Amino acid sequence: MLLNRTTAGPRPAAVAGSFYPASAEHLGRTVSALLAAARSREQPGLRGIIAPHAAYVYSGPTAAEAFASMRHLKGSIDRVIVVGPAHYVPFRGVAAPSSTAFATPLGESPVETSAVAAMAEAGLVVIDDEPHAPEHALEVELPFLQAIFGPLPIVPLLFGLTSARAVAAVLARVWTCKTFLVVSSDLSHYEEYEDACRHDASTARSIETLDEGAIGPADACGHLAIRGALIEAKRRCASVLRLDLRNSGDTAGDKRSVVGYGAWAFTT
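Residues numbered from 1 in each chain as written. Predicted model: local features only at pLDDT ≥ 70, side-chain atom pairs only at ≥ 80, totals over all residues. Heavy atoms only, no water.

(A) Spatial organisation of helix α1 (residues 24–37). With 14 residues, α1 should cover 20 Å at 1.5 Å per step; its first-to-last C-alpha distance of 20 Å lies within 8% of that length. Within α1, burial applies to Leu27, Val31, Leu34 and Leu35. All buried residues of α1 project into a common sector of 95 degrees when viewed along the axis, lining one side. Opposite its buried face, α1 presents the exposed residues Glu25, Ala36 and Ala37, each directed more than 90 degrees away. Looking at the buried residues of α1, the elements they touch are α2 (56–68), β4 (101–104) and α4 (142–149). (Helix = DSSP H or I, 4+ residues; strand = E, 2+ residues; numbered from the N terminus. Expected span 1.5 Å × (residues − 1). Buried < 20%, exposed > 50% of the residue type's maximum accessible area, 1.4 Å probe, protein only. Arc of directions from axis to C-beta. Contact = heavy atoms within 4.5 Å.)

Shown next as structure tokens:
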């Protein structure tokens with residue numbers, strides 16, 4: 001196993017109070033309200049979702065559309081893979097943590113350490129807590145999972161300098177029949193509203209046709225996670241269904257410079 005820059009124990013919340021409320025009561029009410037307002041319903045054969053990872057005031061409604069589609073899976077899945085980009089700490093490959101759990105104000109999501117160890121032994125991931133420590137991309141998805149499923153085990157993965165094929169290889173190993181996939185990614189960044197709408201519509205078409213080669217870093221910050229998931233979805237003959245597409249200009253942002261958000265479901 002490759003061990004690199006590790007720590008023991010749970011990973012504390014890094015963005016509580018900035019990306020989402022810091023108090024358990026306020027956070028619980030916020031997530032419940034977002035899920036209650038979502039239009040998405042049960043998706044037959046649901047195996048995974050793509051959800052955004054910005055502050056809830058901006059991307060919360062779109063994230064809720066993704067997570068609302070999986071409420072019927074409570075009791076039928078054993079773990080969740082959460083994969084997204086590392087925004088702050090550069091590294092090579094795909095990084096899993098040595099942490100035993102990830103904390104939010106709603107509690108702790110235990111890390112399935114046996115899956116992490118097996119991937120590290122196979123050379124598919126590095127064990128590196130440094131990129132995970134400040135990162136919001138995975139953390140902001142957890143309160144939704146905790147509100148629906150409680151302390152369901154997670155496999156948290158960040159990508160650094162790597163390839164879509166490398167991400168797909170990791171997913172092929174751990175995305176099993178009772179394992180759900182959450183891909184964390186925003187879309188276009190800091191374009192004017194109308195330009196962003198056109199840009200994100202084009203990216204959405206690429207996602208929905210499983211055209212992973214058409215998606216680059218300017219299209220989605222989590223492009224390698226999306227592309228890796230699309231590669232594996234195509235291998236499994238899965239489909240991708242759009243649940244929501246909007247941007248920060250539709251929620252709480254200035255339309256002169258927006259960030260795009262989308263929600264999709266992987267179904268088989």
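(B) Quick peek at the environment of leucine 142. In this structure, leucine 142 sits in helix α4. Remark: the alpha-carbon pair of leucine 142 and phenylalanine 102, spanning 40 residues in sequence, is separated by 8.4 Å. Contact partners of leucine 142, with chain neighbours within four places excluded, come to Val82, Phe102, Thr104, Ser109 and Ile154.

(C) Seen up close, the nonpolar core. By size, the foremost hydrophobic cluster in this structure holds 81 residues, and its most contacted members are Phe67, Met70 and Leu157. Per element, the largest residue contribution to this core is seven residues, and it comes from helix α7 (residues 223–235). Those residues in contact with methionine 70, other than ones at most four positions away along the chain, are Leu46, Ile49, Ile77, Leu145, Phe149 and Phe180. (Core = buried A, V, L, I, M, F, W, Y, C linked by side-chain atoms within 4.5 Å.)

(D) Representation of the pairing of strand β7 (residues 154–159). Most of β7 is tucked away, with six of its six residues classed as buried. Burial of β7 is two-sided: the residues Ile154, Pro156 and Leu158 facing one way and the residues Val155, Leu157 and Phe159 facing the other way are all buried. The pairing of strand β2 (residues 79–85) with β7 spans six bridges and is parallel. By the bridge assignment for β7, proline 85 is matched with phenylalanine 159. (Pairing = 2+ DSSP bridges.)

(E) Highlighting the packing of helix α5 (residues 164–174) against α7. Closest axis-to-axis distance for the α5/α7 pair is 8 Å, and the angle between their directions is 55 degrees. Accordingly, the angle class assigned to the pair α5 and α7 is oblique. Judged by the sense of rotation from one axis to the other, the crossing of α5 with α7 is right-handed. Contacts between α5 and α7 involve Ala164, Arg165, Val167, Ala168, Leu171 and Ala172 from the former and Leu224, Ala225, Arg227, Gly228, Ala229, Ile231, Glu232 and Arg235 from the latter. (Axes fitted to C-alpha atoms, helices over the stretch in contact; angles between N-to-C directions. Parallel < 35°, antiparallel > 145°, perpendicular 65-115°, else oblique. Left-handed = near helix turned anticlockwise from the far one by under 90°.)

(F) Broad picture of the packing of aromatic side chains. Counted under the stated rule, the structure contains four aromatic pairs. Aromatic side chains tryptophan 175 and phenylalanine 266 sit 5.9 Å apart centroid to centroid with 80 degrees between the ring planes, which places their arrangement in the edge-to-face category. Placement of the pair is tryptophan 175 in the loop between α5 and β8 (179–184) and phenylalanine 266 in strand β11 (residues 258–267), with a sequence separation of 91 residues. In terms of burial, tryptophan 175 and phenylalanine 266 fall into one category: buried. A network of ring pairs unites the aromatic residues Tyr20, Tyr56, Phe67 and Phe144 as a single cluster. (Phe/Tyr/Trp six-rings, centres within 6.5 Å; stacked < 30°, edge-to-face > 60°.)

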